[in-house]
Amino acid sequence: MTKSISIQSMILCGLFTALIATGSFIRIPVPVVPFTLQFFFTTLAGMFLGSRLGTASVLVYLALGLAGLPIFAQGGGPGYVLVPSFGYLIGFAAGTFLTGKLTEGMGEPSLLKLLGAGLAGLAAVYAIGILYYYLICRLALGTPVAFWPLFLYGFLLAVPGDLALCLLCASVGKRMIPVLRRGNLAPAGGGERRSAK
């Protein structure tokens, strides 16, 4: 049965990797950082798959993009690490892990608890994204950007949409996580998948 669980895990990771990649093409143009649905799918990956598998799905997405597949918001390839917004992609991995870890620890997930887990992940995304943007511009590209405009365009103007996505993820998670747990497709409360019988 361990083999079938492993196959299930690979399928779920692959599914969310594909969803995250698809989310990069569903975008709303805003200055500095493109607003896409990547955050929506990375947050659901953490809620549904847990910290380990959810983060794995994001890391596979990052690896494929850095390998050259044009699945990031502005393309792909190893040189993408010099794109200032790449920090938000790194933040997706950290945010997924944090959201997954918090969700794993829940017994019966409530809307408020899931919203808190999503907001914690969102905070990680923006903290890493803004810091990376600031440092890569200053240290690698030689085009320093003032912190206040970056904070304005990279956070204040972009975050309302992501807050709405957090609420949507929490609503979807409240309905779906109990179903996935009953099917042993999501970590049970306490962080571990139940052994398949």
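*Asks:* Can you walk me through the overall build of the protein chain in this structure?
*Replies:* Summing up its helical and strand segments, the protein chain has six helices and two strands in all. Each helix and strand of the protein chain, placed in order from N terminus to C terminus, yields the pattern α-β-β-α-α-α-α-α. The buried share among the 197 residues of the protein chain stands at 46%. About 9,400 Å² of surface is accessible on the protein chain, with carbon and sulfur atoms providing 73% of the total.

*Asks:* What's the story with helix H4 (residues 111-140) in this structure? I'm lost.
*Replies:* Three- or four-residue spacings in an α-helix give side chains the same orientation, since the helix completes a turn every 3.6 residues. The first and last C-alpha atoms of H4 sit 42 Å apart over 30 residues, in line with the 44 Å expected at 1.5 Å per residue. Just downstream of H4 lies Gly142, where phi reads positive at about 65°.

*Asks:* Sorry if this is basic, but what is going on with the packing of aromatic side chains here?
*Replies:* Here a ring pair, both rings aromatic, is described through the centre-centre distance and the interplanar angle of the planes. Within this structure, the stated rule accounts for 13 aromatic pairs. Here Tyr126 and Phe155 contribute two aromatic rings whose centre-to-centre distance is 5.2 Å and whose plane-to-plane angle is 85°, an arrangement assigned as edge-to-face. Taken together, the residues span a long stretch of sequence, with Tyr126 in helix H4 and Phe155 in helix H5 (residues 147-156) at a distance of 29 residues. Here Tyr126 falls in the buried class, since its relative accessible area comes to 6%. Classification of Phe155 as partly exposed rests on a relative accessible area of 24%. Aromatic ring contacts, followed pair by pair, group Tyr88, Tyr126, Tyr134, Phe147, Trp148, Phe151 and Phe155 into a single cluster.

*Asks:* Please explain the nonpolar core as it appears in this structure.
*Replies:* In globular proteins that are soluble, nonpolar side chains generally tend to be buried together. Counting 49 residues, the largest nonpolar core has Phe39, Phe48, Tyr61, Phe72, Tyr80 and Leu89 as the members making the most contacts within it. Of all the secondary structure elements, the ones that give two or more residues to this core are helix H1 (2-23), helix H2 (38-66), helix H3 (86-104), H4 and helix H6 (159-182). With 12 residues, H2 is the single largest residue contributor to this core. Setting aside chain neighbours within four positions, we find Phe72 in contact with Ser24, Arg27, Tyr61, Leu62, Gly65, Leu66, Tyr80, Phe86 and Leu89.

*Asks:* So what exactly am I meant to see when it comes to H6 here?
*Replies:* If you check H6, its first and last C-alpha atoms are 34 Å apart, about what 24 residues at 1.5 Å a residue would give, namely 34 Å. By the largest-angle criterion, Gly173 marks the main kink of H6, which is about 35°. Within the span of H6, buried status applies to Val159, Asp162, Leu165, Cys166, Cys169, Ala170, Gly173, Ile177, Pro178, Leu180 and Arg181. Backbone geometry just after H6 places Asn184 at a positive phi near 60°.

*Asks:* I would appreciate a short explanation of the packing of H2 against H6 in the present structure.
*Replies:* Angle between the axes and distance between the axes: these two values describe a pair of packed helices. Following both chains from N to C, one finds H2 and H6 inclined at 30°, their axes separated by 9 Å at the closest point. Taken together, the axes of H2 and H6 lie roughly parallel to each other. Handedness of the H2/H6 crossing: right-handed. Of H6, the residues touching H2 (which contributes Phe39, Phe40, Thr43, Leu44, Met47 and Phe48) are Asp162, Leu165, Cys166, Leu168, Cys169, Ala170, Val172, Gly173, Met176, Ile177 and Leu180.

*Asks:* Even after reading the chapter, I still don't get a nonpolar patch on the surface, so can you show me in this structure?
*Replies:* A cluster of nonpolar side chains, contributed by Trp148, Tyr153, Leu156 and Leu157, occupies part of the molecular surface with about 410 Å² of accessible area. By secondary structure assignment, the location of Leu156 is in helix H5. Leu156 sits in the partly exposed class, given a relative accessible area of 35%.

*Asks:* So what exactly am I meant to see when it comes to the side chain of Gln38 here?
*Replies:* As for its placement among the helices and strands, Gln38 is situated in helix H2. Take Gln38: its relative accessible area is 3%, and that puts it in the buried class. Polar side-chain contacts of Gln38 include one of 2.7 Å to the side chain of Thr36. Among residues more than four places away in sequence, those in contact with Gln38 are Ile20, Gly23, Ser24, Tyr61, Ile71, Leu89 and Phe92.

Rules used in this analysis
Counting of residues starts from 1 at the beginning of each chain's written sequence and follows it residue by residue. For this predicted model, a pLDDT threshold of at least 70 governs which residues receive local features, and a threshold of 80 or more governs which side-chain atom pairs are given and counted, while totals over whole chains, interfaces and linings are taken from all residues. With hydrogens and water set aside, each side-chain value is computed from the structure's full complement of heavy atoms. A helix here means a DSSP run of H or I that spans at least four residues, while a strand means a run of E at least two residues long, and both kinds are numbered starting from the N terminus. Only protein chains enter the accessibility calculation, which uses a 1.4 Å probe; a residue is then buried when its area is under 20% of its type maximum, exposed when over 50%, and partly exposed in between. Residue exposure ignores everything except the shown protein chains as possible cover, and the areas themselves are Shrake-Rupley values with a 1.4 Å probe. Multiplying 1.5 Å by the residue count of a helix minus one yields the expected span of that helix. Aromatic pairs are defined between Phe, Tyr and Trp rings, using the six-membered ring for Trp, whenever the two ring centres lie within 6.5 Å; interplanar angles under 30 degrees are classed as stacked, those over 60 as edge-to-face, and all others as tilted. The set of buried Ala, Val, Leu, Ile, Met, Phe, Trp, Tyr and Cys residues whose side-chain atoms join them within 4.5 Å is what this entry labels a nonpolar core. It only takes one pair of heavy atoms within 4.5 Å for two residues to be counted as in contact. The angle separating two fitted axes, one through the seven residues that finish at a residue and one through the seven that start at it, defines the bend at that residue. Fitting a line to C-alpha atoms yields each axis, with helices limited to the stretch in contact; the angle taken between N-to-C directions then spans 0 to 180 degrees. Here the angle decides the label: under 35 degrees means roughly parallel, over 145 means roughly antiparallel, 65 to 115 means roughly perpendicular, and every other value means oblique. In a left-handed crossing the near helix is turned counterclockwise from the far helix by less than a right angle, and in a right-handed crossing that turn is clockwise. Patch membership is restricted to residues that have no salt bridge and whose relative accessible area is over 30%. Joining uses 9 Å for like charges and 5 Å for the nonpolar side chains Val, Leu, Ile, Met, Phe, Trp and Tyr. Basic side-chain nitrogens of Lys or Arg form a salt bridge, by our definition, when they fall within 4 Å of a carboxyl oxygen of Asp or Glu. Nitrogen and oxygen atoms within 3.5 Å of one another constitute a polar contact, given that in protein one can donate a hydrogen and the other can accept it, and given that sequence-neighbouring residues count only through two side-chain atoms.

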